[in-house]
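Letter by letter, the chains look like this.
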Amino acid sequence: MSDVRSAQPEARQGRRMSGIGRVLVAVYGVLALAAIGRSFVQIASKFDEAPLAYTLSALAAVVYVVATIALVRPGIVWYRVAWATILFEFTGVIVIGTLSIVYPSLFPHDTVWSWFGRGYLFIPLVLPVLGMWWLARHRPTSRADAS
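The notes below deal with the structure included here. In this text, all values refer to a predicted model and were calculated from it rather than measured experimentally. (Residues numbered from 1 in each chain as written. Predicted model: local features only at pLDDT ≥ 70, side-chain atom pairs only at ≥ 80, totals over all residues. Heavy atoms only, no water.)

1. Quick notes on the overall build of the chain
Logical step 1: Of regular secondary structure, the chain possesses 6 helices and 0 strands.
Logical step 2: Relative to its full complement of 147 residues, the chain shows a buried share of 35%.
Logical step 3: Taking contacts inside the chain between residues at least 6 apart in sequence as the whole, the part at least 24 apart equals 69%.
Logical step 4: About 8,400 Å² of surface is accessible on the chain, with carbon and sulfur atoms providing 70% of the total. (Helix = DSSP H or I, 4+ residues; strand = E, 2+ residues; numbered from the N terminus. Buried < 20%, exposed > 50% of the residue type's maximum accessible area, 1.4 Å probe, protein only. Contact = heavy atoms within 4.5 Å. Areas by Shrake-Rupley, 256 points an atom, 1.4 Å probe, with all protein chains shown as cover.)

2. Re the packing of aromatic side chains
Logical step 1: Taken as a whole and assessed by the stated rule, the structure comprises 3 aromatic pairs.
Logical step 2: Centre to centre, the rings of Tyr28 and Tyr64 are 6.1 Å apart; their planes meet at 55°, and the pair counts as tilted. Placement of Tyr28 in helix 2 (residues 20-46) and of Tyr64 in helix 3 (residues 51-72) is noted, with a sequence separation of 36 residues between them.
Logical step 3: Of the residues examined, Tyr64 reaches a relative accessible area of 0% and is grouped as buried.
Logical step 4: In textbook terms, an aromatic cluster arises when at least three aromatic residues are bridged by ring pairs, as seen for Tyr28, Tyr64, Phe88 and Trp113.
Logical step 5: The cationic tip of Arg118 hangs over the ring face of Trp115; the distance from NZ or CZ to the ring centre is 4.5 Å. (Phe/Tyr/Trp six-rings, centres within 6.5 Å; stacked < 30°, edge-to-face > 60°. Lys NZ or Arg CZ within 6 Å of the ring centre and 35° of its normal.)

3. A few points about the pattern of salt bridges
Logical step 1: Under the criterion given, the structure shown has 1 salt bridge.
Logical step 2: Of the charged contacts in the structure, one is a salt bridge between Asp110 and Arg118, with a shortest N-O distance of 4.0 Å.
Logical step 3: For Asp110, a relative accessible area of 27% corresponds to the partly exposed category. (Salt bridge = Lys/Arg side-chain N within 4 Å of Asp/Glu carboxyl O.)

4. Some words on the nonpolar core
A general tendency of soluble globular proteins is for nonpolar side chains to be buried together.
Logical step 1: Grouped together as the largest cluster of nonpolar side chains are 29 residues, with contacts concentrated most on Tyr28, Tyr64, Leu71, Ile86, Val112, Trp113 and Leu135.
Logical step 2: Where this core is concerned, the elements lending two or more residues are helix 2, helix 3, helix 4 (76-102) and helix 5 (123-137).
Logical step 3: A per-element tally of this core places helix 3 first, with 9 residues.
Logical step 4: Not counting residues within four places of it along the chain, the set of residues in contact with Tyr64 comprises Tyr28, Leu31, Ala32, Ala35, Glu89, Val112, Trp113 and Pro124. (Core = buried A, V, L, I, M, F, W, Y, C linked by side-chain atoms within 4.5 Å.)

5. Some points on the environment of Ala60
Logical step 1: Here Ala60 shows up in helix 3.
Logical step 2: The exposure class assigned to Ala60 is buried, which follows from its relative accessible area of 0%.
Logical step 3: A sequence separation of 51 residues divides Ala60 from Thr111, and the C-alpha atoms of the two residues are 8.6 Å apart.
Logical step 4: The contacts of Ala60, once residues within four sequence positions are left out, are Val112 and Trp113.

6. A closer look at a nonpolar patch on the surface
Logical step 1: A surface patch of nonpolar side chains, amounting to about 460 Å² of accessible area, comprises Ile101, Val102, Tyr103, Leu106 and Trp115.
Logical step 2: For Val102, the position within the fold is in helix 4. (Patch = residues over 30% accessible without salt bridge, like charges linked within 9 Å, V, L, I, M, F, W, Y side chains within 5 Å.)

7. Quick notes on helix 3
Logical step 1: Over its 22 residues, helix 3 extends 32 Å from the first C-alpha to the last, a length consistent with the 32 Å expected when each residue adds 1.5 Å.
Logical step 2: Burial in helix 3 covers these residues: Ala53, Tyr54, Leu56, Ser57, Ala60, Ala61, Val63, Tyr64, Ala67, Thr68, Ala70 and Leu71. (Expected span 1.5 Å × (residues − 1).)

Structure, rendered in structure tokens:
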């Protein structure tokens, strides 16, 4: 006979990573891969043309990778890392998106977050909002969740 208390964290984790949670993580993973590929090609082939834009694309890639990992991992520390990366991402999309419209000369080439992510179908604008909603709905509630 299994102990119900020991099964609860796994059950909670299973519910957290089902449905929209899995879709959210999958989209973060795809966006991370896309941003890594884009920034790698940009930096390797034409970094001198737009170093700020390409550095920001690389930063976005790192943020997406860390956010993806943090969303999958259990525990309060990873939960906080997920919040931090998603808030950073949202701030980046809003700031860089606004600057790319108001001062287009700052970004002669697009970043992942330029024009609020229009090169990625505005997914960089919508994704952090969904991520924050998901995190707010799935916060760790007990010591078992905090491990």
